[in-house]
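Residue-level listing of the chains:
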Amino acid sequence: MTDDNGNSSPAPLDSLKRYVPLAVWTIVILVILAIPLKIISYGYLPGDDALRHAAKAVSGKSWPEILVLSPVYKIDHEFGWNLLLEKIHLWTNWNAEKLILFSVVGLFILVGWSALPWLKRPEAWLATLTLATLVAAVCGRMTLGRPYLVTFAVLLTLLFLWQKNGSSPPKKWMLLLATVLFALGTFVHGVWYLWVLPLGAFFLAGEFRWAVSLGFCWAAGVFIGSAFTGHPFEYPLQAFKLALLAVGAHATTRTMATELQPFDGNILAVGILGGLLVLRPLAKLNAVPLARNPAFWLACICWVLGFKVARFWDDWGWPALMVLMTWDLQMLLQARVAENSFKRLGLTLVLAAATFLCVTNDAHSRWSQTLSDRYLLPENSRHNGWMPDKGGIFYTADQSLFYQTFFKNPAGDWRYMLGFEPTWMPKEDFEVYHNVLWNLGEVKTYNPWVEKMKPADRLVIRGGSNASPGIPQLEWNYTGVGIWIGRLPRTPPSGTPPPTIPATSPH
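The residue numbers shown here count from 1 along each chain, following its written sequence. Residue-level local features of this predicted model are given only where pLDDT is at least 70; pairs of side-chain atoms are given and counted only at 80 or more, and the full residue set underlies all totals for whole chains, interfaces and linings. Excluded from the side-chain calculations are hydrogens and water; all other atoms, namely the structure's heavy atoms, are used.

**Student:** I tried to follow the overall build of the chain on my own but got confused; where do I start?
**Tutor:** Starting at the N terminus, helices and strands are each numbered in turn, a helix being any DSSP run of H or I of at least four residues and a strand any DSSP run of E of at least two. Along the backbone of the chain there are 19 helices and five strands. If you line up the chain on its principal axes, its C-alpha atoms span 115 × 55 × 45 Å. Relative accessible area decides the class of each residue, using a 1.4 Å probe on protein chains only: under 20% of the type maximum gives buried, over 50% gives exposed, and in between gives partly exposed. Relative to its 507 residues, the chain shows a buried fraction of 53%. In the chain, of all internal contacts separated by at least 6 residues, the share reaching a separation of at least 24 is 73%. Within the structure as shown, the chain displays about 22900 Å² of accessible surface, and the carbon and sulfur contribution to it stands at 64%. Lys and Arg are tallied as positive, Asp and Glu as negative. Neither His nor the chain termini are counted. Where a charge sits is defined by one atom per residue type, namely NZ (Lys), CZ (Arg), CG (Asp) or CD (Glu). With 41 positive and 33 negative side-chain charges, the chain shows a separation of 4 Å between the mean positions of the two kinds. Residue contacts are defined here by distance: any two heavy atoms, one from each residue, within 4.5 Å place the two residues in contact. Shrake-Rupley sampling with a 1.4 Å probe provides the accessible areas, and residues are treated as covered by the protein chains on show and by no other component.

As structure tokens, then:
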């Protein structure tokens, strides 16, 4: 185009190109915010630990007041996270469900946004989130509302920090940031000992200055984070003991929590790593060789350890692989797509739509299935009188019954024999639980618990409505929610015949 004097002038659309980078950043930030909001709109609730964290905050109780625990467990294992939820409950009077929604949305955004400050092409992060979800439902784990996601975000931050600045020794501000992040992770989550994995990865990559410097930051951060709990030495020591119990007390992996069992190798993730090896020379990316990249070594270490415990790969290996993917995709985009081109804007819109739809679609009712969950509630006429009495114990070998019942009854005046980690209950009770699982729920395996039950206690077992669990020492009530509750027979008044307990209850 030319003006009246015959001089060329920019096309109208060309003047808008300078806003492309801002538009891209806005789209990426908003789509990461929109994803958890869409997921909770289905009525989604996580199925495990997020329920008990929220319920504990509302209950105002300590874990020993909620669970029957072994002497090893004395200090809250996720001290900082539970303290935060308790404070939010006191400030806002939110109930357990609102606290869970806060956890799901807040922690997803924390992880999703933690990568962005280190990137020049944030759309590469959207591509990574999509691929990770397609291959291993990684974004599903990002919606669990559990404090390990703080560790996830800290790990991403440190690995991206090295990607951006690894060619030079760490600066003072980087070391200060690392110390603060280690302290935060220790205070909130408690798994301080697993940071030895990234430190080892830095050593294997030949980044000795970074490894040693981060090692000092780690030691300082663990002490600071533990000190904020009021137990600077007992807190980290207990965390290590609890970890050894969780993985060492089971005779076989079959009776362990699913995420503590071995994984199958996640061969598609290995394929992604192979794809990076092919992409680098084909696209002529000027990337640090994988053998000198700590993220690569961390992914390798955790992939091997995943054959022992899947969480090594899920919580530590996948973040490392995501960092590698994002950084290489960013270099590819920088080489092939101009920063202020409309092509970049169009690509970002496509990636944003793909990421949003890939993560939030309700395939197989994965987000809405909890809408059909039914709970044990004292106000329900079929449950009234069958919940544990004051001071009683809720016996069960089904962890989901603990999560769901505690979530809906945070003020219940009873304790739970089985909580969020079976190995932390008293040794003799863990042996009963283990025996129940080993024998696939055979009713005779419950006898040690039945023999020590008191009138205030209840034994709770999942089962159909056709027949009671077949433990004659107890009287049984079918709750109508696929659950049987057993209690010691009530002594009838003098001269009154004992009640007849039907084998089934009306629907």
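We are not done yet, so read on.
**Student:** Looking at this structure, how should I read unusual backbone geometry?
**Tutor:** The phi torsion of most residues other than glycine is negative, and most of the peptide bonds are trans. In this structure, H364 is a non-glycine residue whose phi angle is positive, near 55°. Mapped onto the secondary structure, H364 falls in the loop between α16 (342-360) and β1 (392-395). In this structure, L440 takes a positive phi of about 55° despite not being glycine. With respect to the helices and strands, the residue L440 is situated in the loop between α18 (427-438) and α19 (447-452).

**Student:** Just checking my understanding: could you explain the environment of V432 for this structure?
**Tutor:** Take V432: it is sitting in helix α18. Overall, V432 belongs to the buried group, its relative accessible area being 8%. In the structure, V432 is positioned 57 residues away from Y375 in sequence and 25 Å away in space, judged by C-alpha atoms. Not counting residues within four places of it along the chain, the set of residues in contact with V432 comprises T445, P448 and W449.

Geometry only, nothing functional implied.
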